Amino acid sequence: MTFISFGNTLVIMNRTEALTLLKEHVKTESLLHHCISTAAVMKGLAAELGEDTEQWELIGILHDIDFEEINEDMSLHGVRGAEILRKSGVSADIADAVRKHNHMLFGGTYTEKVDICLQTADSISGLIIACAKVKGGCVSDVAVKSVVKKYKTPSFAAGCDRNRIASTDSLVAREKMYEIAIREICAVKDELGLS
Ligand SMILES: [Fe+2]
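To keep things clear, this report deals only with the structure shown in the data block. Throughout, residues of each chain are indexed from 1 in the direction in which the sequence is written. Restriction of local features to residues with pLDDT of at least 70 applies here, the model being predicted, together with a cutoff of 80 or more for giving and counting side-chain atom pairs; totals for whole chains, interfaces and linings are based on all residues.

**Some words on the packing of helix H3 (residues 53–62) against helix H5 (residues 92–100)**
- Angles shown run from 0 to 180 degrees and are taken between the N-to-C directions of axes, each axis being a line fitted to C-alpha atoms and, for helices, limited to the stretch in contact. Here a strand is any run of E in DSSP of at least two residues, a helix any run of H or I of at least four, and the numbering for each starts at the N terminus. Taken N-terminus to C-terminus, the directions of H3 and H5 make an angle of 50 degrees; their axes are 10 Å apart at the nearest point. As summarised for this structure, H3 and H5 are arranged oblique, according to the angle between their axes. The way H3 lies across H5 gives a crossing that is right-handed. Facing H3, whose interface residues are Gln55, Leu58, Ile59 and Leu62, H5 presents Asp93, Ile94, Ala97 and Val98.
- Taken together, the residues that form the contact of H3 with H5 break down as six nonpolar, one polar and one charged. An angle below 35 degrees is treated as roughly parallel, one above 145 as roughly antiparallel, one from 65 to 115 as roughly perpendicular, and anything else as oblique. A clockwise turn of the near helix away from the far one marks a right-handed crossing, whereas an anticlockwise turn of less than a right angle marks a left-handed crossing. We call two residues in contact whenever the C-beta atoms placed from their backbones are within 7 Å. Side-chain classes are defined by residue name, with Ala, Val, Leu, Ile, Met, Phe, Trp, Tyr, Cys and Pro counting as nonpolar, Asp, Glu, Lys and Arg as charged, and the others, Gly among them, as polar.

**Some points on the nonpolar core**
- A set of buried residues qualifies as a nonpolar core if it consists of Ala, Val, Leu, Ile, Met, Phe, Trp, Tyr and Cys joined through C-beta atoms within 7 Å. Residue burial here comes from a neighbour count, namely the number of other C-beta atoms, placed from the backbone, that lie within 10 Å of the residue's own C-beta, with 20 or more meaning buried, 12 or fewer meaning exposed, and in between meaning partly exposed. The biggest cluster of nonpolar side chains holds 51 residues, and the ones touching the most others in it are Met42, Ile59, Leu62, Ile94, Ile128 and Ala181.
- Of all the secondary structure elements, the ones that give two or more residues to this core are helix H1 (15–25), helix H2 (29–49), H3, helix H4 (79–87), H5, helix H7 (113–134) and helix H10 (174–187).
- The greatest single-element share of this core, amounting to eleven residues, is contributed by H7.
- Once residues lying within four places of it in the same chain are set aside, the contact partners of Ala181 are Val41, Gly44, Ile124, Ser125 and Ile128.

**Quick look at the packing of H2 against H7**
- The geometry of H2 relative to H7 is characterised by a closest axis approach of 8 Å and an angle of 130 degrees between their N-to-C directions. Relative to H7, H2 is oriented oblique. For the crossing formed where H2 meets H7, the hand is right-handed. Contacts between H2 and H7 involve His34, Ser37, Thr38, Val41, Met42, Leu45 and Leu49 on the former and, on the latter, Lys113, Cys117, Leu118, Ala121, Asp122, Ile124, Ser125, Gly126 and Ile129.
- Within the contact of H2 with H7, the residues separate by chemical class into nine nonpolar, five polar and two charged.

**Points about H1**
- Taken as a whole, H1 has its buried residues at Ala18, Leu21 and Leu22. For H1, the arc enclosing every buried residue in end-on projection is 100 degrees, short of the 170-degree limit, so these residues lie on one face. Set apart from the buried face of H1 by more than 90 degrees, the exposed residues are Thr16, Thr20, Lys23 and Glu24.
- Where the residues of H1 are buried, they touch H2 and H3. Regarding the arc, it is the one traced by the directions from the helix axis to the C-beta atoms.

Listed below in structure tokens is the structure:
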């Protein structure tokens, strides 16, 4: 369960409240979709690993909250996000995961499952959505075997870092992870404008 604080009062933060906070800072539809799809994958991985599905989903929703405010200065990415979250009263656990997810600053240091899974979720979400677009926007038509193939094609969705996708290989079998990512993105397809 995740709390946000107002003064001395702690209240539960839910998915809707996290999306409302995100939308105060992120206006670009594609980035909102990226955050929603990354959150979906995080939720699925948490369930697979017996972790806190609600907390991991919130981390996914909020992980890029600073992206439009850092003016492409990647040395600020995550760090600024954590500041925004702390000022908004979001729990330190969430703020810290957001701070650390910038692999340009913290790559190679991840030992916690949540941090490792966020690396994968952040990158596989884009690959799955790119696969759906090849299928006319139909994510339910994306097959694990086509994700396997597209992963091995570096020019396809080239911005989706294959090394980051592979982060969870020691936690979840790769094809199982693809299956989870497809299933969970499918569950939020309406919010992503997919079918
Ligand atoms: Fe991201």
